[in-house]
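# Coordinates in review
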Amino acid sequence: MNILFKFLPIFFAIVSIAHARIGFGTTCPTTPLIEDFDLNRYAGKWYDIESIFSQKYKCGFAEYAVEENNRISVKNTGININTGEVRIVKGEGYVPNPNEPNKLIVSLNVGGLFNFNSEGNYHIWKSDYDNYALVYSCKIYLGFIKFDATWLLSRTQSLSEENTAELKKLLSDNGVDTRGFYKPDQSCKTND
């Protein structure tokens, strides 16, 4: 019975991030440090242009707002491609080490049967703040099960091929497999 309780958090973590890429590996790539990363400039609305994450949603975007003590509020919105229902997931994030300001921890209330909170790293690998951002998350479980997710984000509902290629090259140059990106439909009208 004791062993069940040891693996229960791992089970819930796996269920909560099941939309990430799952594979075998013992290490995650090193996140490039952006020493002058500005969370205030990063805050705002970002559209999901391509990702290695969930393929259940279209017209997805995230909204970030800086709160007290370098914490951020997070609101992810998307439309379920099967039901047409709008799904909103809220959470918060923080910078655990001020010397690494582009490496955040984000906790989302993903709901479900147990109203479960999912916490993971949210590392911004590159952003010009006005057009694009590259976010990568990676976690190793049990020493050999690797979960990773990647997002190419834009301030608008599209991103130039040039920026897309540049961001994917940064990933591949750092050992991240760039095959299997999903490009969600972003043709929905917005209130921007």
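Before reading further, recall that the structure is shown in the block above.
### Some thoughts on the state of the cysteines
Counted by the stated rule, this structure contains two disulfides. Two residues, Cys28 and Cys138, share a disulfide whose sulfurs are 2.0 Å apart. On the S-S bond that ties Cys28 to Cys138, the torsion sits near -75 degrees, and the link is left-handed. Remark: Cys138 occurs in strand E8 (residues 132-141) and Cys28 occurs in the loop between strand E1 (21-24) and helix H2 (39-42); sequence separation between them is 110 residues. For Cys138, a relative accessible area of 8% corresponds to the buried category. In this model Cys59 forms its disulfide with Cys188; the gap between the sulfur atoms is 1.7 Å. Handedness of the Cys59-Cys188 disulfide follows from its S-S torsion of about 70 degrees: it is right-handed.

### Observations regarding the nonpolar core
The biggest cluster of nonpolar side chains holds 22 residues, and the ones touching the most others in it are Tyr42, Tyr64, Tyr122 and Leu153. When contributions to this core are tallied by element, the ones reaching two or more residues are H2, strand E3 (57-66), strand E4 (71-80), strand E6 (103-111), strand E7 (116-127), E8 and strand E9 (145-154). Ignoring any residue separated from it by four or fewer positions in sequence, one finds Tyr122 in contact with Tyr42, Tyr64, Asn102, Lys103, Leu104, Val106, Val135, Tyr136 and Leu153. Among the nonpolar cores identified, the runner-up in size contains 15 residues, and Tyr47, Ile52, Leu171 and Phe181 belong to it.

### Here's the deal with the side chain of Ser137
Its location among the elements puts Ser137 in strand E8. You can call Ser137 buried: its relative accessible area is 14%. Looking at Ser137, its side chain comes within polar contact range of the main-chain oxygen of Asn121, at 2.7 Å. Setting aside chain neighbours within four positions, we find Ser137 in contact with Asn121, Phe147, Asp148, Ala149 and Trp151.

### A word on the pairing of E8
Working note: regular strand, side chains alternate between the two faces of the sheet. By the criterion of burial, E8 is predominantly enclosed, with eight of the 10 residues buried. Bridging between E8 and E9 involves 10 bridges; their strand directions are antiparallel. What sits directly across from Lys139, in E9, is Phe147. Hairpin connection between E8 and E9: a loop of three residues separates the two successive antiparallel strands, and Leu142 in this loop has a positive phi of roughly 55 degrees.

Basis of the calculations
Residues numbered from 1 in each chain as written. Predicted model: local features only at pLDDT ≥ 70, side-chain atom pairs only at ≥ 80, totals over all residues. Heavy atoms only, no water. Disulfide = S-S within 2.5 Å. Helix = DSSP H or I, 4+ residues; strand = E, 2+ residues; numbered from the N terminus. Buried < 20%, exposed > 50% of the residue type's maximum accessible area, 1.4 Å probe, protein only. Core = buried A, V, L, I, M, F, W, Y, C linked by side-chain atoms within 4.5 Å. Contact = heavy atoms within 4.5 Å. Polar contact = N/O pair within 3.5 Å; in protein donor to acceptor, adjacent residues only side chain to side chain. Pairing = 2+ DSSP bridges.

Just distances and angles here, no functional claims.
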